[in-house]
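# Fold and geometry: a report
Below are the chains, spelled out letter by letter.
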Amino acid sequence: MTVLEQAFAAIDAKNAEDPNYELVDGEQVPKELLYSRRMSARLQDFDPEAPETLQIAARAQHICRWQIPRDSYPMNRTGYLKWREDLKKMHASITTGILENLGFTEEFRDRVAFLIRKKLLKKDEDSQKLEDVICLVFLDYYFEDFAKGHPEEKVIDILQKTWAKMSEAGHKAALSLDLSPKTRELVTKALT
């Protein structure tokens, strides 16, 4: 195994501990393990030449996310933002610990942590690519279920905010996704 493959395996081992499951093709899969693999696959499609730092950041984007439940914070915007910030710190910490154990340099580990924290969106090319991939995975795999649980005006607002975070390359990739007719209709409303 290459060192990159070892990093993926260590991240996958952590995410395989997720007590939450999603049914995929008749098989129960740990939710964050599934998410991390979807992130890697989407990054490979979006940027086949992505540097290893970005590949690891994508794979580790939600590492051990279940350890900090959303409902452990106030259910308002301030609570949501604090939860997200604490998650980013935890994801970066767990991932850099894995990378240190595998012998990655401090510079490499710091870059991965920087990407996981999604710093300098729109200014840092790899941070922006990671954000594009996150948005694409959301639209492709999670948006439809999210939309079912919320009023249409909130869904359109979320789509507009998601779109604003993406680059032109991300927009192009999003419009080429095989979206359901209902999702495509909501995306069209959000963009007009």
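Notes on the structure in this doc start here. Owing to the predicted nature of the structure, the values given are computational and were not obtained by experimental measurement. (Residues numbered from 1 in each chain as written. Predicted model: local features only at pLDDT ≥ 70, side-chain atom pairs only at ≥ 80, totals over all residues. Heavy atoms only, no water.)

## Let's talk about the pattern of salt bridges
- Considering all chains together, one arrives at 17 salt bridges under this definition.
- One salt bridge in this structure joins D140 and R42, with 2.3 Å as the shortest N-O distance. One end of the pair, D140, is in helix α6 (residues 125-148); the other, R42, is in helix α2 (residues 31-46), and 98 residues separate them in sequence.
- The residue K182 makes a salt bridge to E152 at a minimum N-O spacing of 3.8 Å. On the criterion of sequence distance, the pair formed by K182 in helix α9 (residues 181-191) and E152 in helix α7 (residues 152-165) is long-range, its members being 30 residues apart.
- By relative accessible area, K182 is classed as partly exposed at 44%.
- A single salt-bridge network, built from bridges that share partners, covers E152, K182, E185 and K189. (Salt bridge = Lys/Arg side-chain N within 4 Å of Asp/Glu carboxyl O. Helix = DSSP H or I, 4+ residues; strand = E, 2+ residues; numbered from the N terminus. Buried < 20%, exposed > 50% of the residue type's maximum accessible area, 1.4 Å probe, protein only.)

## Quick look at the packing of aromatic side chains
- Overall, the coordinates contain six aromatic pairs when judged by the stated rule.
- Judged by centre distance (5.9 Å) and plane angle (50 degrees), the rings of Y35 and Y142 are tilted. With Y35 in helix α2 and Y142 in helix α6, the pair connects residues that are 107 residues apart, well separated along the chain.
- A network of ring pairs unites the aromatic residues Y35, Y141 and Y142 as a single cluster. (Phe/Tyr/Trp six-rings, centres within 6.5 Å; stacked < 30°, edge-to-face > 60°.)

## Some details on unusual backbone geometry
- Here D25, not a glycine, exhibits a phi torsion of approximately 50 degrees, which is positive.
- Along the chain, D25 turns up in the loop between β1 (21-24) and β2 (27-30).
- If you check the backbone angles, C64 has positive phi at about 55 degrees while not being a glycine.
- Here C64 lies in the loop between α3 (52-59) and α4 (77-101).

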